[in-house]
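Chain by chain, the residues run as shown.
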Amino acid sequence: MPGQDIYAQGIAAALLSDKPDAQSLAKAIADGAAKYGVKIFTNASNRGAVLTGLAAPVAGMVTYLAAENRIDYYDGSVWQPITPGPWIPLPYDAAITAQTGSPAYRLVNGVVELRGTLRRVDGASFAKVTTITLATLPAGYRPGSFRYFPVATEFASVMYARVLVDVSGVIQANIPPDAGTAATWISLDGIRIAL
C-alpha cells in the first residue's frame with residue numbers, strides 16, 4: 001500500500017513492504033506530480049480537450065497557454081487568469097474611432113482594464129451633457145453592476161468626463177455641463193472594472 005508525499009498532495013510513494021511494481025510506482029509519481037505542476041497547452045481549446053474524465057481539472061490546478069501567453073488557475077468551477085491576458089481591440093460604436101494608441105481591453109486577475117483614447121468619426125466634439133455610446137464589452141468582460149469613472153479629456157475643455165460601463169457592457173461618456181468647451185477626445189486609460 002503506497003504512502004503519501006509529505007505535502008499531502010496525493011503523490012504516491014511506494015513503501016518497502018509493497019510488492020515491487022516499478023511501472024505502477026512510476027505512473028503514480030508522474031500522475032501525481034503532473035496534477036499539481038504547471039501544465040503547458042497550445043491554447044485554451046487544447047486544454048479543454050485534454051483535461052477531461054480522470055484528468056479533469058481540480059481546484060488549484062495551474063496551466064500555461066502558449067497561444068494566449070497566459071497562466072491560469074482553476075478555481076473549482078472556471079479558469080481564472082493569473083497573468084494579464086492579451087489586449088483585445090475595443091469594439092467601437094459606429095460613430096467612434098481611435099484618437100491615439102490602440103484602444104483595447106484585457107482581463108487581469110478578474111479585473112477588466114481599458115486603454116486608449118477615442119473620438120467621434122466625424123471629428124466633431126462630444127456635446128456637453130449628452131450621453132454618447134463609445135463601445136460595448138463582450139460577455140465575460142462586463143461588470144455585475146453599473147460602474148462610473150472620471151476620465152481625462154483634452155485640455156481645452158474642463159479636462160474630464162464621466163464614463164459609465166453598464167451590466168450589458170455598454171461604455172458611455174458624458175462631458176459635464178460646466179465644461180468650458182466640449183471635448184473632441186475621451187481617454188479610457190486607467191479604467192479598471194472588477195468582475
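Let us look at the structure shown here. (Residues numbered from 1 in each chain as written. Predicted model: local features only at pLDDT ≥ 70, side-chain atom pairs only at ≥ 80, totals over all residues. Heavy atoms only, no water.)

## A word on the sheet that holds strand β5 (residues 70-74)
Applicable threshold: Two strands are counted as paired when DSSP detects at least two bridges linking them. Only DSSP runs of H or I covering at least 4 residues are called helices, and only runs of E covering at least 2 are called strands; the numbering of each starts at the N terminus. Axis definition: a line fitted to C-alpha atoms, over the contacting stretch in the case of helices. Angles run 0 to 180 degrees between N-to-C directions.
Reading across from one edge, β3-β4-β5-β6 is the order of the four strands in this open sheet, with mixed pairing throughout. Two strands close off the open sheet at either side, each with one partner strand: β3 (39-41) and β6 (79-81). Each strand axis lies, on average, 30 degrees off the axis of its neighbour in the sheet, ignoring direction.

## Looking at the nonpolar core
The nonpolar side chains of a soluble globular protein tend to be buried with one another. Note the following rule: We define a nonpolar core as any set of buried Ala, Val, Leu, Ile, Met, Phe, Trp, Tyr and Cys residues linked to one another through side-chain atoms lying within 4.5 Å. Accessibility here uses a 1.4 Å probe with only protein chains present; expressed as a share of the type maximum, an area under 20% marks a residue as buried, one over 50% as exposed, and anything in between as partly exposed. Whether two residues are in contact is decided by their heavy atoms, any of which lying within 4.5 Å being enough.
By size, the foremost hydrophobic cluster in this structure holds 26 residues, and its most contacted members are L90, L114, L134, L137, V163 and I171. Mapped onto this core, the elements with two or more residues apiece are β8 (96-108), β9 (111-120), β10 (132-136), β11 (147-152), β12 (160-165) and β13 (170-174). Beyond its immediate stretch of four places on either side in the chain, L90 contacts P103, A104, Y105, L114, L118, A135, L137, I171 and L188. Core analysis: the second largest hydrophobic core is formed by five residues, L51, M61, L65 and Y74 among them.

## So, the pattern of salt bridges
The test is simple: Any Lys or Arg side-chain nitrogen found within 4 Å of a carboxyl oxygen on Asp or Glu counts as a salt bridge.
Evaluated as defined, the whole model comprises five salt bridges. The partner of R106 in a salt bridge is E113, with the nearest N and O atoms 2.9 Å apart. Overall, R106 belongs to the buried group, its relative accessible area being 18%. Since its relative accessible area comes to 13%, E113 is described here as buried. With a shortest N-O distance of 3.3 Å, E113 and R192 are connected by a salt bridge. Note that E113 is positioned in strand β9 and R192 in strand β15 (residues 192-194), a separation of 79 residues in sequence.

## Quick notes on a nonpolar patch on the surface
Inclusion rule: The patch calculation keeps residues exceeding 30% relative accessible area without a salt bridge and links them within 9 Å when they carry like charges or within 5 Å when they are nonpolar (Val, Leu, Ile, Met, Phe, Trp, Tyr). Calculation of accessible area relied on Shrake-Rupley with a 1.4 Å probe; when residues are assessed, cover is drawn exclusively from the protein chains displayed.
Taken together, the side chains of F146, Y148 and V167 define a hydrophobic patch exposed on the protein surface, amounting to about 300 Å² of accessible area. Here F146 shows up in the loop between β10 and β11. By relative accessible area, which is 44% here, F146 ends up partly exposed.

## Digging into the pairing of β9
In terms of residue burial, β9 counts as a mostly covered element, since seven of its 10 residues are buried. Strand direction decides the pairing type here: β8 and β9, joined by nine bridges, are antiparallel. If you follow Y105 over to β9, its bridge partner there is L114. Between the end of β8 and the start of β9, which pair antiparallel, lie two residues, with N109 showing a positive phi angle near 50 degrees. Inspection of the sheet shows β9 paired to β15 by three bridges, in the antiparallel sense. Note on β15: the bridge partner recorded for E113 is R192. Inspection of the sheet shows β9 paired to strand β14 (residues 185-187) by three bridges, in the antiparallel sense. From the neighbouring strand, T117 faces β14, where its bridge partner is S187.

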